[in-house]
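Spelled out from the first residue to the last, the chains are:
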Amino acid sequence: MDRPVWLLDVDGVINVARPGWGGVPRRGTAYSGGDAYRMRWAPALTDRIRALHRAGGVEIRWCSTWCADADQMERLFALPRLARAWSGHLSAVVAAEAKLAAARRILAQERRLVWTDDVETPTCGPVYDELTEGGRALLIAPSPRRGLQPDDLTAIETFVSTSVNEGLGGPAEGADLPAPGR
């Protein structure tokens, strides 16, 4: 099985009002369609995202209304060029549908999924059950004011380093299990 794919949103996930992380947040400006947008993020968060990318255990893809302007995010957050879930400008309504379609596409390709989005990532219900069946997906919907926190990154790092059969979806294939009745 290929390495997992992390669908990464921006607003409410990285760009947040109160990022925390024990340090002074960074601020910057991103531009889209001729408009300027103030951004605020925790450098420690982007450091951990960068480290996960460099380690190579997960493929990170922007999955945000910022996809068409993801170069702005990479510049501000000092991240390398990451893949995009799509390339054009999408409205919030169309992006919501595109995000779920991207998640389903990854799972249909027999790849594991990490999805971080403050609004679109389901936390319960039939879509949540569908996506997390068999332990193949880690879905994180952070608080839109705080975004991803250290515990969220620890969960992602653990998920990425653990195979689906090592406790996420059951015993590892070929694991020695006690015989019934023992």
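First things first, this report covers the structure right here in the doc. (Residues numbered from 1 in each chain as written. Predicted model: local features only at pLDDT ≥ 70, side-chain atom pairs only at ≥ 80, totals over all residues. Heavy atoms only, no water.)

### What about the pairing of strand 4 (residues 59-62)?
- Neither face of strand 4 is left uncovered, since the one carrying Glu59 and Arg61 and the one carrying Ile60 and Trp62 both have all their residues buried.
- Alignment of strand 1 (residues 5-8) against strand 4, held across four bridges, turns out to be parallel. When the bridges of strand 4 are listed, valine 5 appears paired with glutamate 59.
- Strand direction decides the pairing type here: strand 4 and strand 5 (residues 83-84), joined by two bridges, are parallel. Considered in strand 5, the bridge of tryptophan 62 is made with arginine 84.
- Considered for its hand, the β-α-β crossover made up of strand 4, helix 2 (residues 70-77) and strand 5 is right-handed. (Buried < 20%, exposed > 50% of the residue type's maximum accessible area, 1.4 Å probe, protein only. Helix = DSSP H or I, 4+ residues; strand = E, 2+ residues; numbered from the N terminus. Pairing = 2+ DSSP bridges. Right-handed = clockwise from strand over helix to strand, strands pointing away.)

### Concerning the pairing of strand 3 (residues 35-41)
- Looking at chain direction, strand 2 (residues 26-32) and strand 3 are connected through seven bridges and run antiparallel. Bridge pairing in strand 3 links serine 32 to aspartate 35.
- Hairpin connection of strand 2 to strand 3: two residues between the antiparallel strands, including glycine 33 at a positive phi of 60°.

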